[in-house]
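# Structural overview for review
Here is what each chain is made of, one letter per residue.
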Amino acid sequence: MSWLSRLFSKWLPKESSNWQWFYRLGSPRWFYQRSGQWLPWVSLAALLVLATGLVWGLAFAPEDARQGNSFRIIYIHVPAAFLAQSGYFIMAIAGAIGLIWKMKISYMVMKAAAPIGAALTFIALFTGAVWGKPTWGAYWVWDARITSMLILLFLYAGVMALQYAYHSVDAASKASAILALVGTVNIPIINKSVDWWYTLHQPATIKLTSAPSMHMDMFMPLLVMIVGFYLFYAVALILHTRNEILRRERKTSWVRELATAKAGS
Amino acid sequence: MTSHVARKMDSGFAAWLRRDLLLAYRRRGEVASPVIFFIMVSTLIPLGLTPEAAELEKVAAGMIWVMALLATLLSMDALFASDYQDGSLEQMLITPQLLPLPILGKVTAHWLTTGLPLTLVSPVLGLMMSLPNAGYVPLVCSLALGTACLSLVGAVGAALTVSLRKGGLLLSLLVMPLYMPVIIFGTATVSYAVDGLNWLPPLAILGAMFAASVALCPLAAAGALRVTASN
């Protein structure tokens, strides 16, 4: 991908300038130490926001006129679906940064993002199925959005499978970064195609989200939950990345020192 | 200077196209397998579903498209595999030409030996599956454009998995989700024609997908080969 680096070399940060933080971010050791400081705060924020959103959404938000209490699964389903899609872009952007600026850390972030995103996609599909039973009368309907989510799960599976297929860390990182980028180009095409396919085959009989816009009392807890899921995603990503840093840098002196210090104390 | 570069670029494309076609001609048996697979699997459908023409007619377009996709997928694995094993892929990687052009040459050869035969056989399968008369021209047109897209996108997958021992199955996993838009518009082209609608719009979208894949897939495959072939 040298042509890609050359293309971006104009914007390549200069080491001497005030871009130094960018290079520091690329150092696994620096990231490990800093993320250790951030982690408690982000976790605390995630816990608070998620707890607020859950209690608000599940206990205090008004009941839906048609769906009764079953609509409340929306407070898990929608944020998970949201993050599943943003997660793919986060993964692809991390991979692109790795390919362009050759940052070790961004490949680790990319690898960490794949299973988290896949898990969120699965949660979105599963909660959708559970929700579908009382609403549509079936666990599975070939609806446009469900099908797009399923394809997204396949895309995640591909990136993960490629990541694990290579023994060489370098090849695994670069190959799956390229695949993630190809997937990113394709996601809008896939989503539009599936939408088009769905309208072609069955005129939508039940529309869930285009039902009259949600009442504020229902929408606010959803917003809180989405923010909470973003924070939770950040926590999971940081934890997975830290794991990956320790695994890949296990031969360096600072990780050894860290391990012996932990063992000694 | 520009004409010199242009000639060089062209020779990269044409040389690899000619070479791969020659190799395919010498291994005619291998080239026939996707087509034979295509025909054989279509025997399974009446056996598995129903022999009744009225029922088959409904699924004909979709089934032919699914089978063409699978046949292409099976052949994708071989695109770079033998070149990787005998070292000519290394030679391709160190040529002075822009790498996407030799790759485009190889993909063109792949389409000429896989997608084109599948396209040409498809009317026979349509006949066997009692496809309505209006569907034949759209079927051939959509398959011609669609299998070209499949070859191009598949080349990226083949490049990503070339050095893996069990790359074939992984390749299918990587590429299948990317194939889904192609099959949606491919079958839609035929079903529009069968329903008496104007089938050019979905075909035009296939054309757009083809244009985008010609522009982007060789680049992605070149990047992938540089990463994977050396590992």
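Residues numbered from 1 in each chain as written. Chains lettered and ligands numbered in written order. Predicted model: local features only at pLDDT ≥ 70, side-chain atom pairs only at ≥ 80, totals over all residues. Heavy atoms only, no water.

The secondary structure content of chain A amounts to nine helices and zero strands. Each helix and strand of chain A, placed in order from N terminus to C terminus, yields the pattern α-α-α-α-α-α-α-α-α. Taking all 265 residues of chain A together, 45% fall into the buried category. Put simply, of all contacts in chain A between residues at least 6 apart along the chain, 78% involve residues at least 24 apart. When the accessible surface of chain A is split by element, carbon and sulfur atoms take 68% of a total near 14,100 Å². (Helix = DSSP H or I, 4+ residues; strand = E, 2+ residues; numbered from the N terminus. Buried < 20%, exposed > 50% of the residue type's maximum accessible area, 1.4 Å probe, protein only. Contact = heavy atoms within 4.5 Å. Areas by Shrake-Rupley, 256 points an atom, 1.4 Å probe, with all protein chains shown as cover.)

Attention now goes to the overall build of chain B. Looking only at helices and strands, chain B has nine helices and zero strands in total. Residue pairs at least 24 apart in sequence account for 81% of intrachain contacts in chain B once pairs closer than 6 positions are excluded. Of the roughly 10,300 Å² of accessible surface on chain B, a fraction of 69% belongs to carbon and sulfur atoms.

Taken together, the side chains of Leu54, Val55, Trp56, Leu58 and Phe60 of chain A make up a nonpolar region of the molecular surface, amounting to roughly 470 Å² of accessible area. Counting through the fold element by element, Phe60 of chain A comes out in helix H3 (residues 28-60). (Patch = residues over 30% accessible without salt bridge, like charges linked within 9 Å, V, L, I, M, F, W, Y side chains within 5 Å. Salt bridge = Lys/Arg side-chain N within 4 Å of Asp/Glu carboxyl O.)

Further remarks concern the side chain of Asp83 of chain B. Examined against the element boundaries, Asp83 of chain B turns out to sit in helix H4 (residues 78-86). Not counting chain neighbours up to four residues away, the residues in contact with Asp83 of chain B comprise Trp16, Arg19, Ser88, Leu89 and Lys106 of chain B.

A few words on helix H6 (residues 100-128) of chain B. Three or four residues apart is the spacing at which side chains of an α-helix point the same way, because the helix has 3.6 residues per turn. Residue and element names in this part refer to chain B. The end-to-end C-alpha separation of H6 is 40 Å, in line with the 42 Å expected for 29 residues at 1.5 Å each. The largest bend in H6 is about 40°, located at Trp111. Remark: Ser130 follows H6 within two positions and exhibits a positive phi of approximately 45°. (Expected span 1.5 Å × (residues − 1). Bend = angle between axes of the 7 residues up to and from the residue.)

All names here are of chain A. Topologically, Lys111 is positioned in helix H5 (residues 104-136). A relative accessible area of 14% places Lys111 in the buried class. In contact with Lys111, not counting residues within four places along its chain, are Gln163, Tyr164, Glu244, Arg247 and Arg248.

A few words on the packing of helix H7 (residues 136-161) of chain B against helix H8 (residues 167-194) of chain B. Residue and element names in this part refer to chain B. Where H7 contacts H8, the two axes come as close as 9 Å, and the packing angle between them is 165°. As summarised for this structure, H7 and H8 are arranged roughly antiparallel, according to the angle between their axes. Handedness of the crossing formed by H7 with H8: right-handed. Residue-level contacts link Pro138, Leu139, Ser142, Gly146, Cys149, Leu150, Val153, Gly154, Gly157, Ala158, Leu160 and Thr161 of H7 to Gly167, Leu170, Leu171, Leu174, Val175, Leu178, Tyr179, Val182, Gly186, Thr189, Val190 and Ala193 of H8. When grouped by side-chain class, the residues that make up the contact of H7 with H8 number 16 nonpolar, eight polar and no charged. (Axes fitted to C-alpha atoms, helices over the stretch in contact; angles between N-to-C directions. Parallel < 35°, antiparallel > 145°, perpendicular 65-115°, else oblique. Left-handed = near helix turned anticlockwise from the far one by under 90°. Nonpolar A, V, L, I, M, F, W, Y, C, P; charged D, E, K, R; others polar.)

On to the interface of chain A and chain B, then. Taken together, the contacts link 27 residues of chain A with 25 residues of chain B. Taking both partners together, chain A and chain B bury about 2,300 Å²; carbon and sulfur atoms supply 83% of that area. The largest share of the area that chain A buries against chain B comes from Tyr166, Ile178 and Trp196 of chain A, three residues that together contribute 23% of it. Connecting chain A to chain B are zero salt bridges. Between the two partners, chain A and chain B, sit one residue pair in polar contact (both at pLDDT 80 or more). Only helix H6 (144-165) and helix H7 (169-201) of chain A provide two or more residues apiece to the side of chain A that touches chain B. At 16 residues, the largest contribution of residues to the side of chain A that touches chain B is made by H7 of chain A. The class makeup of the residues in the side of chain A that touches chain B is 21 nonpolar, five polar and one charged. (Buried area = accessible area lost by both parts, 1.4 Å probe. Polar contact = N/O pair within 3.5 Å; in protein donor to acceptor, adjacent residues only side chain to side chain.)

Here the focus is the confidence of the model for chain A. Residues and elements named next belong to chain A. Across chain A, the average pLDDT comes to 85, with 85% of residues at 70 or higher. The least confident element of chain A, judged by mean pLDDT, is helix H1 (residues 2-8) at 59; the most confident is H6 at 93. With pLDDT under 50 throughout, residues 203-207 is counted as low confidence; its partners more than four residues away or in other chains account for two contacts. (pLDDT = per-residue confidence, 0-100.)

The next thing to look at is the environment of Leu49 of chain B. Within the element layout of this structure, Leu49 of chain B appears in the loop between helix H2 (28-48) and helix H3 (53-76). With residues up to four places along the chain from it excluded, the contact list for Leu49 of chain B reads Val59 and Met63 of chain B.

Moving on to the packing of aromatic side chains. What the rule picks out here adds up to 10 aromatic pairs over all chains. An angle of 55° between the planes, with centres 5.5 Å apart, marks the rings of Tyr32 of chain A and Trp254 of chain A as tilted. Taken as a pair, Tyr32 of chain A in helix H3 and Trp254 of chain A in helix H9 (residues 253-264) lie far apart in primary sequence, 222 residues in all. The pair formed by Tyr32 of chain A and Trp254 of chain A is uniform in burial state, with each residue classed as buried. Judged by centre distance (5.5 Å) and plane angle (80°), the rings of Trp140 of chain A and Trp142 of chain A are edge-to-face. Taking the relative accessible area as the measure of exposure, Trp140 of chain A reaches 33% and is therefore partly exposed. The class for Trp142 of chain A is partly exposed, based on a relative accessible area of 45%. Arg242 of chain A extends its terminal NZ or CZ atom over the ring of Tyr32 of chain A, reaching a point 4.1 Å from the ring centre. When the ring centre of Tyr25 of chain B is taken as origin, the NZ or CZ atom of Arg28 of chain B, which lies over that ring, is 4.4 Å away. (Phe/Tyr/Trp six-rings, centres within 6.5 Å; stacked < 30°, edge-to-face > 60°. Lys NZ or Arg CZ within 6 Å of the ring centre and 35° of its normal.)

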